[in-house]
Amino acid sequence: MNLQAKWKKSKSLKPKVILDKIDSLVTVSNGTTSYSSFEFHDAKTALESMINFPLVARDLDKNKLISSAIREVANNKPSDPRIFIDQISTNIREVLEKRNNQYFLLTSISISNIGVRFIKLNDCVIKFYKSSFPRKFKGRDSLIKNKRNCSEIESLGYTKVVIELSAKSEEMAAAQALRILDLFRSMLNLFSNNISEYIGNEWNPINKIRLGEFHTVHDSTGKVYADMFWFDPSYSVASVYVSNNIPIILKNVKFIITNLEKSGRRYKSILTDGLLRYVRSFDENNQNVAVMRAWGALETIAAPNETNCDSVTRRCSFLYEEHEYHKQILEHLREYRNRNVHAGEESKKAKNHGFQIQRYFKGLLLFHISNVGYFSDIEEANKFLDLPADKSSLLKRQKLLKRAFSFRGYDA
């Protein structure tokens, strides 16, 4: 397991400059470290953006890791970037060496009925309740009332959700649980969201199944952590999703879960990242923002770690019989996204663009999921999608390959 943090490789990023500034702001007296001026917080934030944290540290509090490292190397002025990054790695290792404890995250989602009592996903158990949470979870109601001063503490008609998991701390439990729930919601929304919208509110998110307003974390006995409370300040009530196709939707969701588990670790990580970006993009009220984020979700799977702008449109259009037509639709979406990014140009038809990107994302994701085991990794799958789509070009490619086999003396 890689636990080593590293400085990002960029000539424009100079951590030594930031560390020297922090040295000038830190005072150590009688074993106590203190900081002067607001610039310390700016410098600390800049440091975080310069560090590549290992994947296993994604749920750790980066601010705490950096603050701790600053205190621990404060006597070694001027700070050495190598010593500092090693201290970050040591702090990560110490946190991850702690034993796991059992935690529960309580929240809700905007669906009337899941049709099952629980789902297992990535070593977590997601349990669903129609009416109320189990009585063991003490303190949620009073905490929400005290924090938000509201009488309505649960979204009306939403399904209650309890996520059970093991984690190193309540902070890590909360981050992991919400990510797992987002992953589950991404799969539900793939098969629940509208494919288009002729009449509707342009400020309503595309996602049908959205999170409830409040999230609380509880220990193994059910007691709530008073300091671990989340609410979405931009929360808007979603219409509760009701469908007669829940058994079919769940069957498709379980198919994705099963095949994700069969894929290689990196392949699974990329597909999971794409799904998380997808669901979070279409939670957005601002459709122009949603489109930009959704295009990023498409790029995550279609061209991971690539800078080739043509690969997304080429690979996605390969999936369709009318590939040239779909390539033009994708090119139009890419052009809109680029104008938005570089010139701030927005469109009143942004939500329509979002529905279009959603269709291509779903087609691409299901292609990868359906072919798990056939391709060794996502790069090989994308090489397949790079093949020419027309029959004559494929036949020419086949003829050349047969000639190459013959030339090398191989049995075809």
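Keep in mind that what you see is a predicted model, and the values were worked out from it rather than measured. (Residues numbered from 1 in each chain as written. Predicted model: local features only at pLDDT ≥ 70, side-chain atom pairs only at ≥ 80, totals over all residues. Heavy atoms only, no water.)

Novice: Tell me about the packing of aromatic side chains, and please be specific about residues and values.
Specialist: Evaluated as defined, the whole model comprises 14 aromatic pairs. Ring centres of Tyr278 and Phe282 lie 5.5 Å apart, and the angle between their planes is 80 degrees; on these two criteria the pair is classed as edge-to-face. By relative accessible area, which is 1% here, Tyr278 ends up buried. Of the aromatic side chains, those joined through ring pairs into one cluster are Phe318, Phe367, Tyr374, Phe375 and Phe384. Above the face of the Phe53 ring, Lys62 is positioned so that its terminal group lies 5.5 Å from the ring centre. (Phe/Tyr/Trp six-rings, centres within 6.5 Å; stacked < 30°, edge-to-face > 60°. Buried < 20%, exposed > 50% of the residue type's maximum accessible area, 1.4 Å probe, protein only. Lys NZ or Arg CZ within 6 Å of the ring centre and 35° of its normal.)

Novice: Account for the side chain of Ser169, naming residues and giving values.
Specialist: Within the element layout of this structure, Ser169 appears in the loop between strand 8 (159–167) and helix 6 (170–190). In terms of polar contacts, Ser169 uses its side chain to reach the side chain of Glu171, at 3.3 Å. A polar contact of 3.2 Å, which involves the side chain of Ser169, links it to the backbone nitrogen of Met172. (Helix = DSSP H or I, 4+ residues; strand = E, 2+ residues; numbered from the N terminus. Polar contact = N/O pair within 3.5 Å; in protein donor to acceptor, adjacent residues only side chain to side chain.)

Novice: Residue-level account of the nonpolar core, with values.
Specialist: Within the largest apolar cluster, 103 residues are counted, with the highest numbers of intra-cluster contacts made by Phe84 and Phe184. For this core, the element with the most residues is helix 6, which contributes 12 residues. Contact partners of Phe84, with chain neighbours within four places excluded, come to Trp7, Leu19, Leu47, Ile51, Ile66, Ala69, Ile70 and Val73. Core analysis: the next-biggest nonpolar cluster, separate from the first, contains 6 residues, Leu143, Ile144, Ile153 and Phe214 among them. (Core = buried A, V, L, I, M, F, W, Y, C linked by side-chain atoms within 4.5 Å. Contact = heavy atoms within 4.5 Å.)

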